[in-house]
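In case you want the letters, here they are:
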Amino acid sequence: MNAITQYVKNVVSCHNPFKKSRLTPFYSLILLLNANVLFGQAPTQTISGQITEAGTGQAVPFASVAVKGKPIGTQADAEGNYQLILRQAADSLLVSAMGFQTITVPVNPQQITQIIPIKLTPVAAQLQEVVVRAGENPAYGILRKVIAHRSQNDFQQLAGYEYQAYSQLAISISEMSEKFRKRKPVQAIMKALQEKQAGKEATTVPIFLSETVSQVYARHQPQRQKEQILKTNITSAGLTDDSFIAMFTGAGFNTLNFYGKQVSLFKKEFISPLAEGGRAAYKYFLADTAQIGQHVCYEIDFDPKNKRDLVMQGKMWIDTLSYALVQIDAHVGAEANINFIRGVDIEQTYETVDDAPGAWLPEVTRLTISVDEVVKNTFGATVDYMTSVREPQVGAVKDLDFFDTEVEMAEDRAESSADYWQAQRQAVPQSEASDATRATLNAVRDLPLIKAYSRAAQFVLNGGNIPLGRGIEAGSVFSLWAYNPVEGHRLQVGLKTSNQFSRNWQLSAYGAYGTRDRIWKASSEIVYIPSRKPLTIVTLKNTYDLEQLGVRMEDLAENPFLRFANRFGPYPQAYYQHESLLTVQRDFGPNFTHTVGLRYHRFNPAFPFAIQLPAAQDSQPLLINEFWGTEAFLEARYAPGRLPSRRVPARRLQRRATESAPVITMRYTYGTSSSFQGQVIGDYHKFQLKLDHALRWGLLGRTQYTLQARYTPSTIPYPLLQVHLGNQTPFHNRNAYNLMNYAEFVSDRYVSLALEHKFEGLLTNRLPMIRRWGWRNFVTGKVLWGTLSEANRGLIATQSKEGLPLQSINSLKKEPYVEVGYGIENIFRLVRVEALHRLTYRQSPGVTPFAVKVSFQLSL
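Figured I'd write up the structure that's included with this text. (Residues numbered from 1 in each chain as written. Predicted model: local features only at pLDDT ≥ 70, side-chain atom pairs only at ≥ 80, totals over all residues. Heavy atoms only, no water.)

Focus: the packing of aromatic side chains
Filter applied, for reference: Two rings from Phe, Tyr or Trp (for Trp, the six-membered ring) form a pair when their centres sit within 6.5 Å of each other. Planes less than 30 degrees apart are called stacked, planes more than 60 degrees apart edge-to-face, and all others tilted. What counts as a helix is a DSSP run of H or I of at least four residues, what counts as a strand is a run of E of at least two, and both are numbered from the N terminus. Exposure categories follow from relative accessible area, calculated using a 1.4 Å probe and restricted to protein chains: below 20% of the type maximum is buried, above 50% is exposed, and the middle band is partly exposed. Lysine and arginine charges are scored as sitting over a ring when NZ or CZ, respectively, is within 6 Å of the ring centre and within 35 degrees of the ring normal.
Per the stated rule, a full pass over the model turns up 27 aromatic pairs. Look at Phe 745 and Tyr 817: their rings are 6.2 Å apart centre to centre, the planes differ by 55°, and that puts the pair in the tilted class. Within this pair, whereas Phe 745 is found in the loop between β37 (722-723) and β38 (746-747), its partner Tyr 817 is found in strand β41 (residues 817-827), the two being separated by 72 residues in sequence. Judged by relative accessible area, which is 2%, Phe 745 ranks as buried. Its relative accessible area of 0% is what places Tyr 817 among the buried residues. Members of the aromatic cluster, each reached through a chain of ring pairs, are Tyr 575, Phe 603, Phe 607, Phe 609, Phe 627 and Tyr 718. Sitting over the ring of Tyr 140, Arg 279 keeps its end group 3.7 Å from the ring centre. Its guanidinium or amino end placed over the ring of Phe 778, Arg 832 lies 3.9 Å from that ring's centre, counting from NZ or CZ.

Have a look at this one:
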């Protein structure tokens, strides 16, 4: 689920879909949740009766009644009476009580109300000894045993295992407000559904439904995981790209593990109730002992000490012999302050493997997510994910080479018969409900209004590109117009291809014209993917466009909004650049990526600029204002836990939320530069190192830091050195020094550290007014140490060829550049406001020592 929510974040952050419209809510829901899947709600089923002892007829008090194959159930009262109210129909019950044999009771899934009396046969059971210290909560002794046996029971500590998984994932609209129901378009949809359901009033509108069969492999030391997606069956009211959604509808990225210190949900770290330090966050109560399947278990309730922390509430059942987790029911409430999420229910059962009785694997995992209204007075939604493990095997350890890719999708994954899927569903309860939901979804998908919204959602998801034909798109509409003092009105049109055109070739191009400079700009790019195992990408790009020192468009590639905003900037040190680039990128195993490339670039300044080359004896230095360079580079990146991406050439790196290892990038560049008059400026070398890392502190929040270093031991024009990225816009840029002017500092060697700590509501959740608004606070800091050699200083001219004085170029001295910030994010669930202070070099001309900057991010 974490990878899906991150995709939703990326999608929605590119555009604001919440503009007022009578039909906006449907459009918003498709944008927010089109990567998820949910079972539509089936008619409520009620099962009741009395549990008695066979032979005597006496009532059996407090017996446990559960739906077989699901961690859902209830407990009988003191008279043995029980009642189950189910959202999805059941076909059998599992009934257990201490001192009695566990039995399975059949249920008619087609009958909504049933009264089923149950008789249990007595049997003896003996519990293991648990040491309870005087004056201590008896649950603590059991939890110590769980921690002591963690290495034996944690499935992720097994040397190797594999299993087949059947997964279902779905989404539907639910809990529509009366005001929303009265809208004419909504009434038309509900009427069509009512006709489809033989006159029965529709209460939910399914949007997406999928099921997947996959084979999952894992090993320990080093820890690796791989999923082979064998078959997929996707029914959607909007999403059409099966190759993308299939990677997130399987089982490989959705395995929750409560044995760890934290349980990752929505890229947030919840304290696990089995964590070694769990007593600081939870209150525990030893409620009872119960029979779960073939296991006699301790039943322990856990409640959060503060519901506003990232914690859960629920029950867990611990095996009395092995102290392994057998079942857990956990709930996350609205107090956890997760955007758009009203509640999350987690139900997970574990079972031993037949050929390895000491090994426990998750048997069934289900997440039910209640989504709040995206737009007020509209509707909520329900997301339901389920995966069940089949044919588990423990002990066989695959070679490391086997895990060279984390996800493999069979070419024939979509080619399977209806009988195949019906057979897969027979092993899962409530298959009739999912069949009914699928039929309803087909009716929804064919409605003209839904088709219109699907096209609108695809338009935004594609970055504002307009389909012209099969696999060919025009756009983006967001870059059609811009204005700056150099170009005047900038008009731009572009074309690109999608996966429908070719899975191996991706083509794009744009042309732009400025009404003031009257210069045509253009760019074309060809991406060829000769292999996906290992992934190999060949890119050829040629561009002629306007840039500015200290803020190249390449530096803003990860943020389309900043690219758009900077086209409107002042462009104080603008230049025209002609660039040709050829790169080959190839994966070496699941963690390493290597890139080699050749680059030609030409620098034509549109501002007063010159460098002075050393002259022969008794001659004047030679002034040059234009030059070109050729570079060859080699880059190696270590990025464990990265997720595959549909947009293969994208620079943005996505990783599993549970991954804690840093991302390390090293790059070496060799180049040569000359003037247009033929003077050789010289050869040069560049060495770069970058480290990105996220640290999770549980209740204390999360820290993200980036460490960078660069060394250039050569004498070259300062535009080829590190012109540190400034930001003179009112919008915050995570990768820039936000109080540094454009091209304010230049270095040929530097070290920088950028740090951001998010408290994840640790403080704001304890303030009454702030808590209600859902705001979250954070702090940031950036430090830069850099120098510029005397040789490179000597190349900087003080006057132009015409004798006019040039703007001076600064470098850092012994004192580092420092800026710090603090602020609030999640304002209206979208806005981030940061107050920034520049602590050093405050006396320089044109410096802004303090500023408040805004950015936009949609996150959970």
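A closer look at the pairing of strand β15 (residues 295-304)
Definition in use: DSSP bridges decide pairing: two strands pair if at least two such bridges lie between them.
With nine of its 10 residues buried, β15 lies for the most part within the structure. Here strand β14 (residues 282-292) folds back onto β15 in antiparallel fashion, the turn holding two residues, of which Gly 293 has a positive phi close to 65°. Pairing analysis gives six bridges linking β15 to strand β16 (residues 313-319), with the strands arranged antiparallel. Bridging across to β16, Phe 302 finds its partner in Gly 314.

What about the environment of Asp 384?
In plain terms, the rule: Here a polar contact is taken to be a pair of N or O atoms separated by no more than 3.5 Å, where protein atoms must pair a possible hydrogen donor with a possible acceptor and residues adjacent in sequence count only if both atoms sit in side chains.
The residue Asp 384 is located in strand β20 (residues 380-394) in this model. As a C-alpha pair, Asp 384 and Ser 172 span 212 residues in sequence and 9.2 Å in three-dimensional space. A polar contact is formed between the side chain of Asp 384 and the side chain of Thr 368, at a distance of 3.4 Å.

Examining the side chain of Thr 706
Where we set the bar: Here, residues are in contact when the closest pair of their heavy atoms is within 4.5 Å.
By secondary structure assignment, the location of Thr 706 is in strand β36 (residues 702-711). The exposure class assigned to Thr 706 is buried, which follows from its relative accessible area of 8%. In this structure the side chain of Thr 706 is engaged in a polar contact, spanning 2.4 Å, whose partner is the side chain of Asp 692. In contact with Thr 706, not counting residues within four places along its chain, are Lys 690, Leu 691, Asp 692, Arg 734, Ser 752, Leu 753 and Ala 754.

Examining the sheet that holds strand β21 (residues 407-409)
To keep things clear, this is the line we draw: Throughout, an axis means a line fitted to C-alpha atoms (over the contacting stretch in the case of helices), and angles, computed between N-to-C directions, take values from 0 to 180 degrees.
Here we have 11 strands laid out as an open sheet, ordered β14-β15-β16-β17-β18-β19-β20-β9-β10-β11-β21, and mixed in their pairing. Because the sheet does not close on itself, it has two edges, and the strands there are β14 and β21. Pairs of neighbouring strands in the sheet enclose a mean axial angle of 15°, with direction left out of account. In the packing of helix α3 (residues 138-148) onto the sheet, the strands contacted are β14, β15 and β16, and the crossing angle to β14 comes to about 75°. Across the sheet, helix α8 (residues 418-425) is in contact with β9 (160-174), β10 (205-219), β11 (224-236) and β20; its angle to β10 comes to roughly 75°.

Remarks on α3
Within the span of α3, buried status applies to Ala 139, Tyr 140, Gly 141, Ile 142, Leu 143 and Val 146. A distance of 2.9 Å separates the backbone nitrogen of Ala 139 from a side-chain oxygen at the start of α3, and that oxygen is part of Asn 137.

Side note on the environment of Arg 390
Checked against the element boundaries, Arg 390 lands in strand β20. Taking C-alpha positions, Arg 390 is 9.5 Å from Glu 162, a pair spaced 228 residues apart along the chain. Within polar-contact distance, the side chain of Arg 390 engages the side chain of Gln 424 at 2.4 Å.

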